[in-house]
Amino acid sequence: EMKGMIEQPRKPVDVILAADIICQREDAIAAAKTIHDALVPPSEGRCGGVAYIVCADSGHRFGVEIFASECEGIGLDVKTNKVAELYDGKLLLECMESACGYVDGMELTFFEVRKR
């Protein structure tokens, strides 16, 4: 129960999409645990669920640097890439600087997190 609301159990999901969810170390820990609990586990002939997360780099968001290890520590597989290096940088448009929260020099990190 949280703030007078009763938690409703939900079925695990195949895919999670998330962006800018980590601003401090506690967020990285909570995000890893939530992703682990929310993704469908692998079963015979079927892969486990996957989460795709984009966050600013650890120079601009505290806790991003521990996210991958937190995930791995609880049984998740993680692939990490710099967004600027994906698809020859075509994912980043010149309008990035107009995005809410963007500051000069900010780099984005892409995480692919899979439940094993």
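See the structure shown above.
Residues numbered from 1 in each chain as written. Predicted model: local features only at pLDDT ≥ 70, side-chain atom pairs only at ≥ 80, totals over all residues. Heavy atoms only, no water.

### Some details on the overall build of the protein
To be explicit about the condition: We count a stretch as a helix when DSSP gives it H or I for four or more residues in a row; a strand needs E for two or more, and each element gets its number in order from the N terminus. We call a residue buried when its accessible area falls under 20% of the maximum for its residue type, exposed when it is over 50%, and partly exposed in between, using a 1.4 Å probe and counting protein chains only. Note on contacts: a residue pair is in contact if any heavy atoms of the two residues lie within 4.5 Å. Areas reported here follow the Shrake-Rupley algorithm with a probe of radius 1.4 Å; residue values treat only the protein chains shown as occluding.
When helices and strands are tallied, the protein shows 2 helices and 4 strands. In the protein, which comprises 116 residues, the share counted as buried stands at 31%. Across the protein, contacts joining residues at least 24 apart in sequence account for 81% of those joining residues at least 6 apart. Here the protein has roughly 8100 Å² of accessible surface; of this, 54% comes from carbon and sulfur atoms.

### Overview of the sheet that holds strand β1 (residues 15-19)
Note the cut-off: Pairing between strands is defined by DSSP: at least two bridges between them are needed. Geometry is summarised by axes, namely lines fitted to C-alpha atoms with helices restricted to the contacting stretch, and by angles between N-to-C directions that run from 0 to 180 degrees.
The strand order across the open sheet formed by 4 strands is β1-β2-β4-β3, and the pairing between neighbours is mixed. The sheet terminates laterally at β1 and β3 (76-82), the two strands that pair on one side only. When the angles between neighbouring strand axes are averaged without regard to direction, this sheet yields 15°. One ladder, built from 7 bridges, connects β3 with strand β4 (residues 108-115); its direction is antiparallel. Each residue of the ladder has a partner; that of T80, found in β4, is F111. Sitting on the sheet, helix α1 (residues 25-38) is in contact with β1, β2 (50-56), β3 and β4, with an inclination near 125° to β3. Strand contacts of helix α2 (residues 64-73): β2, β3 and β4, with the helix running at about 155° to β3, the strand carrying the most contacts.

### Brief notes about the packing of α1 against α2
Formally: The cut-offs work like this: below 35 degrees is roughly parallel, past 145 is roughly antiparallel, 65 to 115 is roughly perpendicular, and the gaps in between are oblique. Note: crossing handedness is left-handed where the near helix turns anticlockwise from the far helix by less than a right angle, and right-handed where it turns clockwise. Residues were grouped as follows: Ala, Val, Leu, Ile, Met, Phe, Trp, Tyr, Cys and Pro as nonpolar; Asp, Glu, Lys and Arg as charged; and all remaining residues, including Gly, as polar.
Here α1 crosses α2 at 30°, and the two axes come no closer than 8 Å. Judged by the angle between their axes, α1 and α2 are roughly parallel. Like other packed secondary-structure pairs, α1 and α2 cross with a definite hand, here right-handed. Contacts from R25, A28, I29, A31, A32 and I35 in α1 reach E65, I66, F67, E70 and C71 in α2. Its residues placed into classes, the contact of α1 with α2 shows 8 nonpolar, no polar and 3 charged.

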